[in-house]
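These are the residues of each chain, in order.
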Amino acid sequence: MSALSLRGVGKVFNPGSDQEVQAVHGVDLSVERGEFISVIGPSGCGKSTLLRLIGDLTPPSSGTVSVNGKTPARARLDRDYGMVFQSATLLEWRRVAANVELPLEIMGMDAAERSRQAAAMLGLVQLDRFANHYPWQLSGGMQQRVAIARALAFKPSILLMDEPFGALDEMTRERMQSELLRIRAETGTTVVFVTHSIPEAVFLSTRVVIMSPRPGTITEVVDIDLPEPRSDDTREDQRFFELLTDVREGLRAVEDS
Amino acid sequence: MSPNARRLLSFLGILAVLIAMWEGYKWMGTATGGVWPGTGIGLPVRTNERSMPHTWDVVIALLRPARRGGEMLLLVLVRAALFTWRSALLGFVLGSAVGFGLGVLFVRSALAERGLMPHVVASQTVPILAIAPILVVWAGRLNVTRWLVVAVVSAYLAFFPVAINTLRGLRSPDATASELMRSYAATPNQVLWKLQVPAALPYLFPALKIAATASIIGAIVGELPASMPDGLGRAILNFAAAFSAAPEKLFASILVASMVGIGFVGVVVLAERILIPPSRRLEDLGEAAGQRGGRLKEVVA
């Protein structure tokens with residue numbers, strides 16, 4: 001059973017009105033457990049909408065989405081999803097550790113286990129020393145690491161990330177990418193990652209999915225066969241540059257059409 | 001200089017300016033015979049002792065007996081103020097609770113908001129002077145203690161700002177925060193208590209300050225049709241009737257009534273300081289709108 005399976009998935013906003021928009025159309029995609037899939041495409045190609053369809057934040061207009069063999073709604077209620085957005089969206093009145101504990105509190109985990117789990121997650125993102133800080137005392141990159149710790153706190157089987165590093169500077173961004181690879185190696189989580197950075201997509205992924213706009217659909221899937229484990233040296237690898245070119249050409253074909 | 005010292009100093013400075021303006025105007029009117037200097041145009045307010053007593057006469061009146069051989073006016077007024085404040089406090093608590101409840105109801109149900117909101121707004125356009133006697137008569141049939149009836153009149157004025165700002169505060173979290181809660185499969189109650197209510201607290205306190213002052217106005221006005229002899233309402237009415245004979249007594253009651261209001265708001269400010277860290281405090285509602293709007297823009301960008 002694949003971790004994620006989409007069959008003919010489409011999404012129409014404002015159907016029947018003069019503002020009708022076909023955001024996603026006829027998407028077929030199958031993701032195996034432990035894969036890291038990046039979805040890349042120009043603005044307005046429906047990549048965020050695709051992520052929201054998978055995460056049951058909006059229902060599809062056509063086709064079926066299946067997560068671990070379940071409907072997205074069932075998967076959400078079973079807490080199969082961890083979500084990270086471009087803004088960290090930490091609750092400003094809670095300290096860092098309490099932010100990580102939030103989903104565990106909602107699950108009804110008892111206090112001792114909760115704080116143990118939060119401490120472990122903060123260790124994973126290397127923010128142990130900041131457990132008692134408030135979010136505003138942290139840099140943007142650190143806030144985003146807290147958001148990742150929070151998303152992983154209840155051990156979801158799929159991590160959905162919508163341009164999580166989009167607001168960070170280039171250096172922080174590369175460091176966060178390495179962090180994310182390390183975290184994934186440790187947890188084995190399946191990741192669906194929306195981005196519009198080509199190097200980011202290539203560096204992180206096992207496969208890169210290229211989407212085109214109007215209507216948003218998959219035009220190409222590029223297998224990323226970079227040697228494992230990946231490190232900063234990977235960014236200098238000959239194969240890395242070839243794959244960048246492949247993805248770039250795939251995107252250019254989209255823009256020309 | 002510490003911020004508190006600076007605040008006290010600016011308060012005293014402004015007080016001094018206000019007193020100087022009052023006395024200056026009075027001095028000018030006395031000197032010119034009641035006209036603007038160099039013109040024949042009369043001053044809007046007469047400056048004789050019957051219309052505008054000296055500020056120090058007001059203070060002196062507070063320290064003199066209220067009536068011949070009786071207690072000091074200050075004592076009489078403070079006792080009346082405490083009596084009124086009891087109704088106001090209960091009205092404030094009742095009104096705030098009802099306002100908060102309405103805010104929660106409205107955020108939960110668009111239907112309730114659409115149906116009830118016009119009535120809530122209309123309730124505040126009806127003069128409290130008309131509502132108070134009705135409530136007093138109705139409650140009188142129920143054999144309720146009269147100061148409780150006064151508290152209801154007070155609550156009638158207090159609930160409105162709390163309802164409006166609670167609703168606004170409950171709606172303040174970003175869409176992404178709500179989506180996160182959705183991804184955790186949180187129940188509506190969990191979303192309310194873990195996300196919406198904490199987010200609403202900075203919006204709630206400015207409303208509670210308004211409710212605190214409104215509850216005192218409500219209590220003073222409510223005391224009149226309830227014919228309560230012991231509160232500020234009756235004292236103000238009596239001194240107003242005797243205004244031309246002893247205007248300083250009415251001004252003294254206004255002074256005491258405003259002290260009660262300031263004290264009440266002070267308690268709310270203290271609670272805010274304890275409950276809300278400085279980074280989350282909103283000084284006024286305009287700032288609240290600006291700050292949240294700015295954040296929303298960041299997220300959209």
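Residues numbered from 1 in each chain as written. Chains lettered and ligands numbered in written order. Predicted model: local features only at pLDDT ≥ 70, side-chain atom pairs only at ≥ 80, totals over all residues.

*Asks:* Explain the nonpolar core here, please?
*Replies:* When a protein is soluble and globular, its nonpolar side chains tend to lie buried together. Among the nonpolar cores identified, the biggest contains 139 residues, and A:Ala149 and A:Val192 are the most heavily contacted of them. When sequence neighbours within four positions are dropped, the list of residues in contact with A:Val192 reads A:Val31, A:Ile37, A:Val39, A:Leu51, A:Ile54, A:Ile158 and A:Leu160. (Core = buried A, V, L, I, M, F, W, Y, C linked by C-beta atoms within 7 Å. Buried ≥ 20, exposed ≤ 12 C-beta atoms within 10 Å, placed from the backbone. Contact = placed C-beta atoms within 7 Å.)

*Asks:* Looking at this structure, how should I read the sheet that holds strand E9 (residues 217-223) of chain A?
*Replies:* Sheets are built from strands that pair by backbone hydrogen bonding, the pairs being arranged parallel or antiparallel. All names here are of chain A. Strand order in the open sheet formed by six strands is E5-E6-E7-E3-E8-E9, and the pairing between neighbours is mixed. With partners counted over all chains shown, the strands left at the sheet margins are strand E5 (81-84) and E9, one partner each. Averaged over neighbouring strand pairs, the angle between their axes works out to 20 degrees when direction is ignored. Direction of pairing for E5 relative to strand E6 (residues 158-162): parallel, over a ladder of four bridges. Bridge pairing in E6 places Gly82 opposite Leu159. (Pairing = 2+ DSSP bridges. Helix = DSSP H or I, 4+ residues; strand = E, 2+ residues; numbered from the N terminus. Axes fitted to C-alpha atoms, helices over the stretch in contact; angles between N-to-C directions.)

*Asks:* Hey, could you run me through unusual backbone geometry in this one?
*Replies:* Note: most residues except glycine have negative phi, and most peptide bonds are trans. All names here are of chain A. Between Arg214 and the following residue, Pro215, the backbone shows a cis peptide bond with an omega angle of -10 degrees. Among the secondary structure elements, Pro215 is positioned in the loop between strand E8 (207-212) and E9. The omega torsion of the bond from Glu228 to Pro229 falls at -10 degrees, within 30 degrees of zero and hence cis. Structurally, Pro229 is set in the loop between E9 and helix H8 (238-256). The backbone phi angle of Thr89 is positive, close to 50 degrees, even though this residue is not glycine. Tracing the backbone shows Thr89 in the loop between E5 and helix H3 (96-107).

*Asks:* Any chance you could explain the sheet that holds strand E2 (residues 21-31) of chain A here in plain terms?
*Replies:* Residue and element names in this part refer to chain A. Reading across the sheet, the three strands line up as E2-E1-E4 and stay open at both edges, with antiparallel pairing between neighbours. Pairing within the sheet leaves two strands with one partner each, and these edge strands are E2 and strand E4 (62-67). With direction set aside, neighbouring strand axes in the sheet form an average angle of 20 degrees. As paired strands, strand E1 (residues 4-13) and E2 are joined by seven bridges and run antiparallel to one another. Of the residues in E2, the one forming a bridge with Leu6 is Leu29. Against the sheet, helix H1 (residues 47-54) touches E1, E2 and E4, its axis set at about 60 degrees to E2.

*Asks:* What's the story with the domain arrangement of chain B in this structure? I'm lost.
*Replies:* A common way to report how large an interface is uses the accessible area buried once the components associate. Residues and elements named next belong to chain B. Under the domain assignment, chain B is made up of domain 1 (1-52) and domain 2 (54-300). Relative placement of domain 1 and domain 2: their C-alpha centres are 31 Å apart. Facing five residues of domain 1, the contacting portion of domain 2 comprises four residues. Across the side of domain 1 that touches domain 2, the residue classes break down as two nonpolar, one polar and two charged. (Domains from an automatic or database assignment. Nonpolar A, V, L, I, M, F, W, Y, C, P; charged D, E, K, R; others polar.)

*Asks:* Please clarify how the pairing of E8(A) should be interpreted in this entry.
*Replies:* Each regular strand carries side chains that alternate between the two faces of the sheet. All names here are of chain A. Taken across its six residues, E8 has five buried, putting it largely inside the fold. For strand E3 (residues 36-40) and E8, the ladder comprises four bridges, and the chain directions are parallel. For Val39, the partnering residue across the bridge sits in E8 and is Val209. In this sheet, E9 lies alongside E8 in antiparallel orientation, the contact comprising six bridges. Across the sheet, residue Met211 finds its bridge partner in E9, namely Ile218. From the end of E8 to the start of E9, which pair antiparallel, there are four residues, and Arg214 there has a positive phi angle of about 45 degrees.

*Asks:* I tried to follow the confidence of the model for chain B on my own but got confused; where do I start?
*Replies:* The predicted structure's coordinates, where accompanied by low pLDDT, should not be read in detail. Residues and elements named next belong to chain B. Per-residue pLDDT for chain B has a mean of 87; in total, 93% of the residues score no lower than 70. Per-element confidence in chain B ranges from a low mean pLDDT of 40 for helix H11 (residues 285-300) to a high of 94 for helix H3 (residues 73-108). Long-range and interchain partners of residues 284-301, a stretch whose pLDDT sits below 50, account for eleven contacts in this model, where long-range means more than four residues apart. Predicted complex, confidence summary: ipTM 0.88, pTM 0.82. (pLDDT = per-residue confidence, 0-100.)

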